[in-house]
Protein chains: 2
Amino acid sequence: MSTRGSAKPLRADAQRNRQALLAKAREIFDAGEFFDLRFDDFARLAGVGTGTLYRHFPTREALAEAVYREEVVALCDRARRLQATSPPLEALATFLRDFVDYLHEHHGLARTLATLMTTGSEALADGSRALEEAVTDLVAAAVEEGTVRGDVGAGAVMMALHGIGAAHDRPGWRAEADGVITLVLDGLVQGAQPSSPNDSPAR
Amino acid sequence: MSTRGSAKPLRADAQRNRQALLAKAREIFDAGEFFDLRFDDFARLAGVGTGTLYRHFPTREALAEAVYREEVVALCDRARRLQATSPPLEALATFLRDFVDYLHEHHGLARTLATLMTTGSEALADGSRALEEAVTDLVAAAVEEGTVRGDVGAGAVMMALHGIGAAHDRPGWRAEADGVITLVLDGLVQGAQPSSPNDSPAR
DNA sequence: TCGGAAGTGGAGATTGTCTCCACTTTCATT
DNA sequence: AATGAAAGTGGAGACAATCTCCACTTCCGA
């Protein structure tokens, strides 16, 4: 993957600028100040002109998405690793717990995620899809195994995660987030159909 | 409570203006266009000056909150009525299902709710607190009864509801939201204290 | 009827976003 | 290594939304 990933030959200096922008943005992002800053300032702070900023990232959300994607990739890797080494239900449980941990540490991510969720319908599309895919896989594997019910899609789990991200500034966030995970996991286990070869998706 | 509620004697014409503003805002709110409009336009549409608008509602969020509160009051009344007429667990279940229904119909509320959640930490404080109180009561009653676990606070349920509100624009919203409610309810019932061995929760 | 406190409105200051284009840098070609 | 044109740059200023300020109007108790 290195720096680039798509089919776009980007000039050397352009790449350097893009990288500088991204680095500075990530820094600010992690500090949770992403939305307190004038957009133009990202340019100044990274030592480039505003025109350059806008060329690379047409909107604030586009920039956020770029940073966000890198964070998400880390999470998804974790998910894939878990899936390879643990039994499905355990993998799912661990991943969800880790997700909360991760958000707890990088709460810049949480705040930004929350804002993106409401502002840019499109912005998340890419990064979020990756995360969703990971969750879907984890859930599917557990359903396959028979330890988790099949009548409540992974989408519901995603929604619960959205809630955790969106509510990141509640006073007792950590405990409540853990509570949500507990409810979701126990809810998923409840009504599982162990050892039944076919489970019809009837409601 | 009628129109006034606090200890502030407001002049007659001022009250009229405030009301006009609120009425127009509610209209726009329900149409889901609340955040597509220039703030000053609320004044023009209501037939008052921008100064007046700002006097009554210092920020867009303050205005949203005022409208939002009215909607929330309706929901809370519903909760209180349920609590009086149904057994605790059923009351809780019904309320959560109804909440989704309500958001499904008034999705102006959903969108605004989602935005408020991330934007104005303070803005929701009041209206949201009322909603939270209602949920807390419902949960507490069910815990008391012994049909719901006590180790996962009502806050977790609120968080899940936030998720439902925040993700209101997902493609399969309705089904997924129902899924979340199912998970939360089943998760809550799982691990309940008392001697009741196990009863399949009504869907 | 009158005085002053409360409220109004909208012109324009302020602030953040984004566009435009004359100039600079890179790189494939020879 | 020199060259030309495509790719990229930067920042001045157009534009748009938010918010402030205060001369004026309206209300209401005495």
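Residues numbered from 1 in each chain as written. Chains lettered and ligands numbered in written order. Predicted model: local features only at pLDDT ≥ 70, side-chain atom pairs only at ≥ 80, totals over all residues. Heavy atoms only, no water.

## Comments concerning the relation of the copies chain A and chain B
The operation relating chain A to chain B is a screw motion whose rotation component is 179°, with 0.0 Å of axial translation and a residual RMSD of 0.2 Å. On the angle and the small slide along the axis, the relation comes out as a two-fold axis. Nearest to the rotation axis, the C-alpha of Gly163(A) is located 1.6 Å from it, this being the minimum over chain A. (Least-squares fit on C-alpha atoms with pLDDT ≥ 70 in both.)

## Digging into the domain arrangement of chain A
Residue and element names in this part refer to chain A. Assigned domains of chain A: these are domain 1 (10–58) and domain 2 (64–189). Taken together, the contacts link 10 residues of domain 1 with 12 residues of domain 2. Both sides together, the interface formed by domain 1 and domain 2 hides about 1,100 Å², and carbon and sulfur atoms give 63% of it. At the junction of domain 1 and domain 2, the tally comes to 1 salt bridge. In this structure, arginine 26 and glutamate 70 form a salt bridge, with 3.1 Å as the shortest nitrogen-oxygen distance. On the surface where domain 1 and domain 2 come into contact, there are 1 residue pair in polar contact (both at pLDDT 80 or more). (Domains from an automatic or database assignment. Contact = heavy atoms within 4.5 Å. Buried area = accessible area lost by both parts, 1.4 Å probe. Salt bridge = Lys/Arg side-chain N within 4 Å of Asp/Glu carboxyl O. Polar contact = N/O pair within 3.5 Å; in protein donor to acceptor, adjacent residues only side chain to side chain.)

## Concerning the nonpolar core
One broad trend across soluble globular proteins is that nonpolar side chains are buried collectively. Grouped together as the largest cluster of nonpolar side chains are 125 residues, with contacts concentrated most on Phe95(A), Ile164(A), Phe95(B) and Ile164(B). Beyond its immediate chain neighbours, meaning those up to four positions away, Phe95(B) contacts Leu75(B), Ala79(B), Leu82(B), Leu131(B), Val135(B) and Leu138(B). (Core = buried A, V, L, I, M, F, W, Y, C linked by side-chain atoms within 4.5 Å. Buried < 20%, exposed > 50% of the residue type's maximum accessible area, 1.4 Å probe, protein only.)

## Observations regarding the UniProt feature "domain: HTH tetR-type" (unreviewed entry) in chain A
When the UniProt feature table is mapped onto this chain numbering, "domain: HTH tetR-type" (unreviewed entry) sits at residues 15–75 of chain A. A helix fraction of 77% and a strand fraction of 0% characterise residues 15–75 of chain A, whose end C-alpha atoms lie 25 Å from each other. (UniProt positions renumbered as here; feature names shortened; annotations may be inferred. Helix = DSSP H or I, 4+ residues; strand = E, 2+ residues; numbered from the N terminus.)

## Focus on the pattern of salt bridges
Residues and elements named next belong to chain A. What the rule picks out here adds up to 27 salt bridges over all chains. Across the pair aspartate 30 and arginine 26 runs a salt bridge, and its minimum N-O distance is 3.8 Å. Residue aspartate 30 and its partner arginine 26 are located together in helix α1 (residues 12–30), separated by 4 residues, close to a single helical turn. According to the relative accessible area criterion, aspartate 30 is partly exposed, its value standing at 34%.

## A word on the packing of helix α5 (residues 88–105) of chain B against helix α8 (residues 154–166) of chain B
Residues and elements named next belong to chain B. Running from amino to carboxyl end, α5 crosses α8 at an angle of 20°, the nearest separation of the two axes being 11 Å. Here α5 lies roughly parallel to α8, going by the angle between them. Crossing geometry of α5 relative to α8 is assigned as right-handed. Only Val157, Leu161, Ile164 and Gly165 of α8 make contact with α5, whose side of the interface consists of Leu96, Phe99, Val100 and Leu103. When the residues that make up the contact of α5 with α8 are grouped by side-chain class, the tally is 7 nonpolar, 1 polar and no charged. (Axes fitted to C-alpha atoms, helices over the stretch in contact; angles between N-to-C directions. Parallel < 35°, antiparallel > 145°, perpendicular 65-115°, else oblique. Left-handed = near helix turned anticlockwise from the far one by under 90°. Nonpolar A, V, L, I, M, F, W, Y, C, P; charged D, E, K, R; others polar.)

## Considering the protein's contact with DNA strand C
Of all residues adjacent to DNA strand C, which total 21 residues, the nearest are Phe39(A), Arg60(A), Arg11(B), Asn17(B) and Arg55(B). Taking Arg11(A), its side chain carries an N or O atom lying 3.0 Å from a base oxygen of DNA strand C. Thr52(B) has a polar side-chain atom sitting 2.9 Å from a phosphate oxygen of DNA strand C. The set of elements that each furnish at least two residues to the surface near DNA strand C consists of α1, α2 (39–46) and α3 (50–56) of chain A together with α1 (12–30) and α3 (50–56) of chain B. In terms of residue count, the dominant contributor to the surface near DNA strand C is α3(B) (5 residues). Partitioned by chemical class, the residues of the surface near DNA strand C number 6 nonpolar, 7 polar and 8 charged. (Near = heavy atom within 4 Å.)

## Regarding the packing of α8(B) against helix α9 (residues 173–189) of chain B
All names here are of chain B. Axis separation between α8 and α9 bottoms out at 10 Å; the angle between their running directions is 170°. Here α8 lies roughly antiparallel to α9, going by the angle between them. Where α8 approaches α9, its residues Val157, Ala160, Leu161 and Ile164 are matched on the opposing element by Trp173, Ala177, Val180, Ile181, Val184 and Leu188.

## Looking at the interface of chain A and chain B
Many authors give the size of an interface as the accessible area that is lost as the parts come together. The partner chain B presents 35 residues to the 34 residues of chain A that form the contact. Interface area, chain A with chain B, both sides summed: about 2,800 Å², of which 64% is carbon and sulfur. Its largest share of buried area at the contact with chain B, chain A owes to Met159(A), Arg170(A) and Leu183(A), together 26% of the area lost on that side. At the junction of chain A with chain B, the criterion picks out 4 salt bridges. Ionic pairing is found between Asp186(B) and Arg149(A), a salt bridge with its closest N-O pair at 2.8 Å. The interface formed by chain A and chain B contains 4 residue pairs in polar contact (both at pLDDT 80 or more). Those elements that place two or more of their residues in the side of chain A that touches chain B are α6 (107–119), α7 (121–145), α8 (154–166) and α9 (173–189) of chain A. If you tally residues by element for the side of chain A that touches chain B, the top one is α9(A), at 11 residues. Its residues placed into classes, the side of chain A that touches chain B shows 16 nonpolar, 10 polar and 8 charged.

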